[in-house]
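Results of the structural survey
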Amino acid sequence: IILGVIIPVAFAIMMNEITRKFFKKAYQTMMFFPYFLSWVVVSYFLNAFLDAQYGMIPAMQEAAGHARTSWYTTPGPWPFILTFANLWKNVGYSTVLYLAAITGIDTNQYEAAAIDGIKNRWQELWYVTLPAMKPQLMFGAVMSITSAFGVCDVPMALAGFPSTDYAAHTVVTHLFDYGFTRFEMGYASAIATLLFLVMILCNKLIQSALRRIGT
């Protein structure tokens, strides 16, 4: 959730500093492209890297003299793999939204801040840029929370590969399993209710943190 807000904002700020339109458009296109890919396509990209027999990473491990890791049956790395895949796919979309918010800030605010004593770019960022982006940051935080707690598409897409049932298990896939496969609706409803309350709590905490920007 935190990375889903911080990384796009950082990229948007850096891209706003690029003066040449060609490079800015090129970077936007490259970052925005993964957003249009289906999770099934993303899962095949992952498979090309992680497959124990044909994957690039196991082949590199073998070339280095190590045993091939069976990534699809090893639960430990999957929190990081799912987080990376989710960020890689969605960061570009969020970056474009934040970049639009930055470019829409009135330049008079920066001139007024300079008169009021702002001396460097970091102070401009904290006292002008980020406060002006608060509505977009609130929206991005909600979307990040929804995306983080909805990491269901990747494990579902990976279901076509062997032995991924528990290696890539998340709370949402656990809910889906009990609700729509085992038909234990009471247990699944309890998980969904608890998940909803946790999402609200995370939303409130992030909103409280964002309100302190610029103070």
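Since we're looking at a predicted model, the values are computed, not measured.

**Thoughts on the packing of helix α1 (residues 2–16) against helix α2 (residues 21–32)**
Interaxial distance between α1 and α2 falls to 10 Å at its minimum, and their mutual angle equals 160 degrees. As the angle between them shows, α1 and α2 are arranged roughly antiparallel. Considering the relative orientation of α1 and α2, their crossing is left-handed. Across the interface between the two elements, F11, M15 and N16 of α1 pack against K24, Y27, Q28 and M31 of α2. Residue composition of the contact of α1 with α2, by class: four nonpolar, two polar and one charged.

**Structural notes on the confidence of the model for the chain**
With 90% of its residues at a pLDDT of at least 70, the chain reaches an overall mean of 81. The least confident element of the chain, judged by mean pLDDT, is helix α9 (residues 153–157) at 59; the most confident is helix α4 (residues 56–63) at 89.

**Focus: the packing of helix α6 (residues 107–115) against helix α7 (residues 121–132)**
Working note: a packed helix pair is described by the angle between its axes plus the distance between those axes. Where α6 meets α7, the closest approach of the two axes is 10 Å, and the angle between their N-to-C directions is 150 degrees. Taken together, the axes of α6 and α7 lie roughly antiparallel to each other. Handedness of the crossing formed by α6 with α7: right-handed. On α7, the residues that touch Q109, Y110 and A113 of α6 are E124, V128, T129 and A132. In terms of residue class, the contact of α6 with α7 is made up of four nonpolar, two polar and one charged.

Calculation rules
Residues numbered from 1 in each chain as written. Predicted model: local features only at pLDDT ≥ 70, side-chain atom pairs only at ≥ 80, totals over all residues. Heavy atoms only, no water. Axes fitted to C-alpha atoms, helices over the stretch in contact; angles between N-to-C directions. Helix = DSSP H or I, 4+ residues; strand = E, 2+ residues; numbered from the N terminus. Parallel < 35°, antiparallel > 145°, perpendicular 65-115°, else oblique. Left-handed = near helix turned anticlockwise from the far one by under 90°. Contact = heavy atoms within 4.5 Å. Nonpolar A, V, L, I, M, F, W, Y, C, P; charged D, E, K, R; others polar. pLDDT = per-residue confidence, 0-100.

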